[in-house]
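If you want the building blocks of each chain, they are given just below.
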Amino acid sequence: MKIDVSLDRITISSPIVKHKTAITELTEFLADSAWEKISDSEFRLSRINENDVREYVAGLFKNQHQHESFRLDTSNRLESEDELFEIRRVVSFMSAPKITRIDIAFDIKNGSKPNMAHRIYRFNASSAIFASDLLLMSGKNSDIQTIYSGKRKSNVMIRYYDKKAEQKSRRKSLPEDIHQWERLELQLRSNESLNWVNNAKKMLSYFKMPKFENVTNVQERAMLFAIDNKFVKISDLSKATATKYRKMFKDNYGFDTQYSELMLDELNQNIDKIENEINTFMKKIDISI
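Residues numbered from 1 in each chain as written. Predicted model: local features only at pLDDT ≥ 70, side-chain atom pairs only at ≥ 80, totals over all residues. Heavy atoms only, no water.

Draft legend 1. The overall build of the chain, seen in detail. Secondary structure assignment for the chain yields 7 helices and 13 strands. Taken along its principal axes, the extent of the C-alpha atoms in the chain is 70 × 45 × 40 Å. By residue count, 47% of the 289 residues in the chain fall in the buried class. In the chain, of all internal contacts separated by at least 6 residues, the share reaching a separation of at least 24 is 68%. When the accessible surface of the chain is split by element, carbon and sulfur atoms take 49% of a total near 15,700 Å². Between the mean site of the 47 positive side-chain charges and the mean site of the 42 negative ones, the chain shows a separation of 6 Å. (Helix = DSSP H or I, 4+ residues; strand = E, 2+ residues; numbered from the N terminus. Buried < 20%, exposed > 50% of the residue type's maximum accessible area, 1.4 Å probe, protein only. Contact = heavy atoms within 4.5 Å. Areas by Shrake-Rupley, 256 points an atom, 1.4 Å probe, with all protein chains shown as cover. Lys, Arg positive; Asp, Glu negative; His and termini not counted. Charge placed at Lys NZ, Arg CZ, Asp CG, Glu CD.)

This is the structure we're talking about:
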């Protein structure tokens, strides 16, 4: 098993203050570039991968409810000087560019646990599970592909998904020795992006695999299972009972936390590396931190 942590994506936002409207200025400015205009609110930079499939490199999107403002969504892992040039081209045109979102990714390759068997236990946050069919209620989870915690537009959103399935859907080549690949991603907006280390540690505390068969008390085992599978809402329990079971979830009673412990170790060893990645990328595109 191999676990890695990395900076996955960076978003930079800014007003476009020129003589004409932002979309007119951008359309004229990017007319002879590698950027493709998709609509009056979106431009896209792409590449052709090794399988002759066009894949996304970066996007430029109009910020809703912000006057004449656009955001640049990109990875710091650009594959050529030409791609870096196109990113710098856009940033240079922005009036006051600043980081507004950072994504941190944990990759679990060839894990020792069943695929997509972990869950995100983050109370008071919305959640959604996407699967190829409705197998969750029967306890089968082999077809679950993505789990979200938090709303897409919130300042903190967590996504756990089957990275191998995602790569196959994009017709990406995978090494022959990769038989299982899960990814846990943390998406941070606004000021939360400045506090990415603590937010990453919080996320890992929510990430665990149910092992209720290890709970010896039958009543507690049944209640944990019922809460976990949404048969019982913890908010519907009495105050004392709700407090008891919230503490059980928080204290990992009936849960396997091996992955999150290993991921925390990996994070602690790579904090300086990721900070350096952020700073280096910002310097490359001429943005002050």
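Draft legend 2. Looking closely at the layout of surface pockets. Approximately 1,600 Å³ is the volume attributed to the largest pocket. If you trace the largest pocket, you find 46 residues lining it, with D8, R9, D73, R101 and D103 closest to the centre. Among the elements of the structure, β1 (2-15), β4 (54-62), β5 (69-74), β6 (98-109), β10 (156-162), α3 (163-169) and β11 (181-189) are those that each provide at least two residues to the lining of the largest pocket. Here the residues of the lining of the largest pocket are counted per class, giving 10 nonpolar, 11 polar and 25 charged. (1 Å grid on protein atoms, 1.4 Å probe; cavity = no way out; pocket = protein on both sides within 12 Å on 5 of 7 lines; lining within 4 Å. Points joined across faces, edges and corners; volume = space filled by probe spheres on them. Nonpolar A, V, L, I, M, F, W, Y, C, P; charged D, E, K, R; others polar.)

Draft legend 3. Up close: the sheet that holds strand β12 (residues 207-210). If you trace the 3 strands from one edge of the open sheet to the other, you get β7-β12-β13, paired in antiparallel fashion. A strand with exactly one partner marks an edge of an open sheet, and here the two such strands are β7 (119-120) and β13 (255-256). Sheet analysis places β7 next to β12, joined by 2 bridges and oriented antiparallel. Across the sheet, I120 pairs through a bridge with F207, a residue of β12. (Pairing = 2+ DSSP bridges.)

Draft legend 4. Region of interest: the pairing of β12. Two strands pair when backbone bridges link them, and β12 and β13 are joined in this way by 2 bridges, in the antiparallel orientation. Residue P210 lies in a different strand from β13, and its bridge partner there is F255.

Draft legend 5. Molecular detail of the pattern of salt bridges. With the rule as written, the count across this model stands at 23 salt bridges. D8 is the salt-bridge partner of R183, the closest N and O atoms lying 3.2 Å from each other. Taken together, the residues span a long stretch of sequence, with R183 in strand β11 and D8 in strand β1 at a distance of 175 residues. On the basis of relative accessible area, R183 is assigned to the buried category, the value being 6%. The shortest N-O distance in the salt bridge between E86 and R89 comes to 2.9 Å. With E86 and R89 both in helix α2 (residues 81-93) and 3 residues apart, the pair spans about one turn of that helix. When its relative accessible area of 8% is taken as the criterion, E86 is described as buried. Its relative accessible area of 18% is what places R89 among the buried residues. (Salt bridge = Lys/Arg side-chain N within 4 Å of Asp/Glu carboxyl O.)

Draft legend 6. How the structure looks around the confidence of the model for the chain. Per-residue confidence for the chain gives a mean pLDDT of 90; residues scoring 70 or more make up 94%. Across residues 133-142, where pLDDT falls below 50, the model places 13 contacts with residues more than four positions away in sequence or in other chains. (pLDDT = per-residue confidence, 0-100.)

Draft legend 7. Expanded view of the packing of aromatic side chains. For the coordinates displayed, the defined rule picks out 8 aromatic pairs. Judged by centre distance (5.0 Å) and plane angle (80°), the ring pair of Y160 and F207 falls under edge-to-face. Of this pair, Y160 sits in strand β10 while F207 is found in strand β12, placing the two residues 47 residues apart along the sequence. Given a relative accessible area of 0%, Y160 falls into the buried group. Arranged with centres 6.3 Å apart and planes meeting at 35°, the rings of F225 and F231 form a pair that is tilted. Through a chain of ring-to-ring contacts, the aromatic side chains of Y121, F123, F212, F249 and F255 assemble into a single cluster. Against the face of Y161 rests R159, its NZ or CZ located 4.0 Å from the ring centre. The ring of F255 carries the charged tip of K208 above its face, separated from the ring centre by 5.6 Å. (Phe/Tyr/Trp six-rings, centres within 6.5 Å; stacked < 30°, edge-to-face > 60°. Lys NZ or Arg CZ within 6 Å of the ring centre and 35° of its normal.)

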